[in-house]
Amino acid sequence: MLAIFTVRVAPEWERVVILRFGNYQRTAGPGLYFTIPFVDHIALHADQRIMLTGFGAEETLTADLVPINVDAAVFWNVWDPKKACLEVEDYYDSVAMAAQTALRDAIGRKNVADVAMRRVQLDDELKRAIEEKTSTWGVSILFVEIRDIVIPKDLQQSMSAEARAERERDARVVLAEVEQDIAAMLHEAADIYRDDDIAFRLRSMHLLNEGIKEAGSTMVVPSAYVDGFTEEAAREGTRR
């Protein structure tokens, strides 16, 4: 009978907080541990495995007064069983409440577009806010994940139209920059062809040749046209 009341076993993942006459005495486990009947009291069996708690915010107003529903999950574990026992009444429910409060506060400070498109930043912000509260309870927040964001359908259509307009604007800006570069290159080429008549003729022949190759045709060039290059080259050589 004495062994039944004094000898106990704690699993590998469990830590046991023991009070003696109402005062903290020790944290036992894992494995065998002993208690004195009517003297020692087991105040808490703390599970140190990673916990998953789901939480959400329904009909929460963003900074631009849009009601949205957000579902999230927080992964956490108990790193100090003594604090989890002595600093808070129910650490599990307290973590869920702290997470929900932090989520509502974070949504209230952001526009709906920021909430929808910057989930990673929101996850990090929630992790810091929750951990700031739970660290004194012996609870460590591992990470937070936003699972779902529900936005009113009429607002979804407006955001989709705005995104399309933004993409079209960016495409037109890129096209205008390309046209500007092409115009600058054409202007430079025009200056070269204006000062060099042979270069202009060669470019004309090259374009003509490309057109013929694509069409699969043959062109006969008059000898007088070819002689023009020879005469022009001879005059250039004489001047030099």
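Definitions and cut-offs
Residues numbered from 1 in each chain as written. Predicted model: local features only at pLDDT ≥ 70, side-chain atom pairs only at ≥ 80, totals over all residues. Heavy atoms only, no water. Helix = DSSP H or I, 4+ residues; strand = E, 2+ residues; numbered from the N terminus. Buried < 20%, exposed > 50% of the residue type's maximum accessible area, 1.4 Å probe, protein only. Contact = heavy atoms within 4.5 Å. Salt bridge = Lys/Arg side-chain N within 4 Å of Asp/Glu carboxyl O. Expected span 1.5 Å × (residues − 1). Polar contact = N/O pair within 3.5 Å; in protein donor to acceptor, adjacent residues only side chain to side chain. Pairing = 2+ DSSP bridges. Axes fitted to C-alpha atoms, helices over the stretch in contact; angles between N-to-C directions.

Novice: So what exactly am I meant to see when it comes to the side chain of Thr6 here?
Specialist: Secondary-structure assignment places Thr6 in helix α1 (residues 2–6). According to the relative accessible area criterion, Thr6 is buried, its value standing at 14%. Filtering out sequence-adjacent residues up to four positions away, Thr6 remains in contact with Tyr33, Phe34, Thr35 and Pro37.

Novice: Explain the pattern of salt bridges to me, please; I cannot follow it from the model alone.
Specialist: When charged atoms on two side chains of opposite charge get close, those side chains can pair. Evaluation of the coordinates by the stated rule reveals six salt bridges. For Arg49, the salt bridge identified is with Asp47, shortest N-O distance 2.7 Å. On the basis of relative accessibility, which here comes to 43%, the residue Arg49 falls in the partly exposed class. Accessibility expressed as a relative area gives 17% for Asp47, which makes it buried. A salt bridge links Arg109 to Glu125, with the nearest nitrogen and oxygen atoms 2.5 Å apart.

Novice: Quick question: what am I supposed to make of helix α3 (residues 91–108) here?
Specialist: For an α-helix the count is 3.6 residues per turn, leaving residues at separations of three or four pointing the same way. Given a rise of 1.5 Å per residue, 18 residues ought to cover 26 Å, and the 26 Å separating the end C-alpha atoms of α3 matches this to within 8%. Among all positions in α3, only Tyr91, Ser94, Val95, Ala98, Ala99, Ala102, Leu103, Ala106 and Ile107 are buried. On its buried face, α3 sits against β5 (40–47), β6 (51–61), β7 (67–78), α2 (81–86), α5 (119–134) and β8 (139–150). If you check the start of α3, you find a side-chain oxygen 3.2 Å away from the backbone N of Tyr92, and it comes from Asp90.

Novice: So what exactly am I meant to see when it comes to the sheet that holds strand β2 (residues 14–20) here?
Specialist: Paired through their backbone hydrogen bonds, the strands of a sheet run either parallel or antiparallel. Strand order across the open sheet formed by three strands is β3-β2-β5, with antiparallel pairing between neighbours. Single-partner strands in this sheet number two, and they are β3 (23–28) and β5. Adjacent strand axes in the sheet meet at a mean angle of 25° when their direction is disregarded. In this structure, β2 lies alongside β5, joined through seven bridges in antiparallel fashion. Looking at the pairing, Arg15 lines up with Ala46 of β5.

Novice: How do you make sense of the sheet that holds β6 when you look at a structure like this?
Specialist: Within the open sheet, the three strands sit side by side as β6-β7-β8. Their pairing is antiparallel. Each having just a single partner strand, β6 and β8 make up the two edges of the open sheet. Going from strand to strand, the sheet's axes swing by 20° on average, the running direction of each strand aside. When β6 meets β7, the two strands line up antiparallel, connected through nine bridges. Within β7, the residue paired with Ala57 across the bridge is Val70. Where α3 meets the sheet, its contacts fall on β6, β7 and β8, and the angle it forms with β6 comes to roughly 35°. Of the strands in this sheet, β6 and β8 are in contact with α5, which crosses β8 at around 140°.

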